[in-house]
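Inside the fold
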Amino acid sequence: MDKQTQLQGTQNKADLQRDYRQKERLAFRNLLGAVNEVERTNARSRREILKRATECLRRLGQEQDDLQKQLEVLPNNATGVGSFQPEGRMLCGRVYLGLSRRTQL
């Protein structure tokens, strides 16, 4: 292999690494933006961003499980017994309308 080919290979590798790092930075910025949509955070390091994203995903998963359980007990009657009504709930730091069991007196 001559010196010209080695130099081109080295430059090509450096260019590929630079492109990869740019894409990686953009991906972390996008992840931080997504996390900030549901939970305001001042995460700065990649570790903090990943930690916040993981915590938020776990909370969202738990919220989904809770809602699924509520839907499973939803009866198909018109009497109002066991029907559901909206109730404000916290989800990743924001209030959302969820489903809450209403009891009949």
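Sequence positions are assigned chain by chain, starting from 1 and proceeding in written order. Under the rules for a predicted model, residues below a pLDDT of 70 receive no local features and side-chain atom pairs below 80 are neither given nor counted, while totals for whole chains, interfaces and linings still include all residues. Processing note: side-chain calculations cover all non-hydrogen atoms of the structure and skip hydrogens and water entirely.

Next up on the list: the overall build of the chain. Helix numbering and strand numbering both begin at the N terminus, where a helix is a DSSP run of H or I of at least 4 residues and a strand a DSSP run of E of at least 2. A tally of helices and strands in the chain yields two helices and two strands. Scanning the chain from its N terminus toward the C terminus, one meets helices and strands in the order α-α-β-β. By the convention used here, residues are in contact when the closest approach between their heavy atoms is within 4.5 Å. Residue pairs in contact within the chain that sit at least 24 positions apart in sequence constitute 28% of those at least 6 positions apart. Accessible areas in this description were obtained via Shrake-Rupley with a 1.4 Å probe; residue shielding takes into account the shown protein chains only. Of the roughly 8,600 Å² of accessible surface on the chain, a fraction of 52% belongs to carbon and sulfur atoms.

To continue, consider the pattern of salt bridges. Whenever a carboxyl oxygen of Asp or Glu lies within 4 Å of a side-chain nitrogen of Lys or Arg, that contact is scored as a salt bridge. Here the structure, examined in full by the defined rule, presents four salt bridges. Taking the shortest distance from any N to any O, the salt bridge between Glu24 and Arg46 comes out at 2.9 Å. In this pair, Glu24 sits in helix 1 (residues 3–38) while Arg46 sits in helix 2 (residues 46–72), placing the two residues 22 residues apart along the sequence.

Tracing the backbone shows Asn36 in helix 1. Within the structure, Asn36 has its side chain in polar contact with the backbone nitrogen of Thr41 (distance 3.0 Å). Counted as a polar contact is a pair of N or O atoms within 3.5 Å, where, for protein atoms, one must be capable of donating a hydrogen and the other of accepting one, and residues adjacent in sequence contribute only when both atoms are in side chains.

To continue, consider the environment of Leu57. Examined against the element boundaries, Leu57 turns out to sit in helix 2. The cut-offs for exposure are 20% and 50% of the maximum accessible area for each residue type, with area from a 1.4 Å probe on protein chains only; residues under the lower value are buried, those over the upper are exposed, and the others partly exposed. A relative accessible area of 61% means that Leu57 is categorised as exposed. For Leu57 and Val35, which are 22 residues apart along the polypeptide, the C-alpha to C-alpha distance reads 9.3 Å.

Right, let's talk about the confidence of the model for the chain for a bit. Residue-level confidence of the predictor is what pLDDT reports, using numbers from 0 through 100. For the chain, the mean per-residue pLDDT works out to 77, and 65% of the residues sit at or above 70. Note on residues 97–105: pLDDT under 50 across the span, and 28 contacts to partners over four residues away in sequence or across chains.

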